[in-house]
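A structural walkthrough
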Amino acid sequence: MADTTEVDRLNGLLLCVARQRDRQAFVALFNHFAPRLKSFLLRGGMDAGAAEETIQDVMVTVWRRAGDFDPSLAAASTWIFAIARNRRIDRLRRDRRPAFDPDDPALVPDPVDGAMEMMLVEERAALLHRAIRELPAEQAELLRMAYFEDKAHSAIAQERHLPLGTVKSRLRLALARLRKAMSGDTLGEQA
């Protein structure tokens, strides 16, 4: 068990870092905890290089988040070792993930027949144009203004002398009809 004066000293150093961003206090914390963290991480199965990187990460976190430390909840050592434990777990999870293989056949898309693709695009465009022609005139006009002329709904409402809600409702109806037509359904009743 740690000596209470040592616990108080470490808590005080961490509080100095938190309250005054005291670099000397941080150096003292680093010198005290770095070797202990290294032993902890090596016992946890990390190699020396990974342990050194993790210690740096832990101590940067201590510097940045020192204001979160509350000595009434835990001692400085408990707080710092909890950060180290979490970083160790994060690193183990990251290292266990399989490496991404861009040449994996499951990730390579099937080759597309250019002529077939072009034909499908042309068919969809024709279907869209036909669906737009079948819309009620006011919906088609508002659709043209909003999407082909890139006008804001409020500008359309002002230009057409319509309430903004009416413009939005007609556009919603037009888009619903287009979606329905593009999915292969009929356009439904005219409203």
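Data block above holds the structure.
First things first, this report covers the structure right here in the doc.

Thresholds, definitions, all that
Residues numbered from 1 in each chain as written. Predicted model: local features only at pLDDT ≥ 70, side-chain atom pairs only at ≥ 80, totals over all residues. Heavy atoms only, no water. Helix = DSSP H or I, 4+ residues; strand = E, 2+ residues; numbered from the N terminus. Rg over C-alpha atoms; globule rule 2.2 N^0.38 Å. Buried < 20%, exposed > 50% of the residue type's maximum accessible area, 1.4 Å probe, protein only. Contact = heavy atoms within 4.5 Å. Areas by Shrake-Rupley, 256 points an atom, 1.4 Å probe, with all protein chains shown as cover. Lys, Arg positive; Asp, Glu negative; His and termini not counted. Salt bridge = Lys/Arg side-chain N within 4 Å of Asp/Glu carboxyl O. Polar contact = N/O pair within 3.5 Å; in protein donor to acceptor, adjacent residues only side chain to side chain. Phe/Tyr/Trp six-rings, centres within 6.5 Å; stacked < 30°, edge-to-face > 60°. Lys NZ or Arg CZ within 6 Å of the ring centre and 35° of its normal.

Moving on, we come to the overall build of the protein chain. Looking only at helices and strands, the protein chain has eight helices and zero strands in total. Its helices and strands taken in sequence order, the protein chain reads α-α-α-α-α-α-α-α from the N to the C terminus. Against the 2.2 N^0.38 benchmark of 16 Å for 191 residues, the protein chain shows a C-alpha radius of gyration of 32 Å, more extended than a compact globule. Taken along its principal axes, the extent of the C-alpha atoms in the protein chain is 85 × 50 × 25 Å. Looking at the protein chain as a whole, 28% of its 191 residues qualify as buried. Residue pairs in contact within the protein chain that sit at least 24 positions apart in sequence constitute 56% of those at least 6 positions apart. Surface exposure of the protein chain reaches about 13,000 Å², of which carbon and sulfur atoms provide 55%.

Here we come to the side chain of Arg 88. Mapping Arg 88 onto the fold places it in helix H4 (residues 76-96). Although Arg 88 is buried, it makes no salt bridge; Asp 90 carries the closest opposite charge, 10.0 Å away. With near-sequence residues (within four places) excluded, Arg 88 lies in contact with Phe 40, Leu 41, Gly 44, Met 46 and Thr 54.

Our focus in this paragraph is the environment of Arg 36. Inspection of the secondary structure puts Arg 36 in helix H2 (residues 23-43). Arg 36 gets classed as partly exposed once you look at its relative accessible area, which sits at 41%. Residues Arg 36 and Phe 81 lie 45 residues apart in sequence; the distance between their C-alpha atoms is 9.3 Å. There is a polar contact of 2.5 Å between the side chain of Arg 36 and the backbone oxygen of His 32.

Turning our eyes to something else, we now look at the pattern of salt bridges. Applying the stated rule across the entire model yields ten salt bridges. The salt bridge partner of Glu 141 is Arg 144, with a shortest N-O separation of 2.0 Å. Here Arg 144 and Glu 141 lie together in helix H6 (residues 137-148), a separation of three residues that amounts to about one turn. For the salt bridge of Arg 160 with Glu 141, the shortest nitrogen-to-oxygen distance reads 2.7 Å. Of the two residues, Arg 160 sits in helix H7 (residues 153-160) while Glu 141 sits in helix H6, which places them 19 residues apart along the sequence. Residue Arg 160 is classed as partly exposed on the basis of its relative accessible area of 37%. Relative accessible area serves as the criterion here: at 24%, Glu 141 is assigned to the partly exposed category. Connected through salt bridges with shared partners, the residues Glu 141, Arg 144, Glu 149, Lys 151, Glu 159 and Arg 160 form a single ionic network.

Considering all chains together, one arrives at five aromatic pairs under this definition. Each ring, one from Phe 33 and one from Phe 81, has its centre 6.2 Å from the other, and the planes form 70°; the classification is edge-to-face. Separated by 48 residues along the polypeptide, Phe 33 in helix H2 and Phe 81 in helix H4 bring together distant segments of the chain. One aromatic cluster is present, built from ring pairs that chain together Phe 26, Phe 30 and Trp 63. Against the face of Trp 63 rests Arg 21, its NZ or CZ located 4.2 Å from the ring centre.

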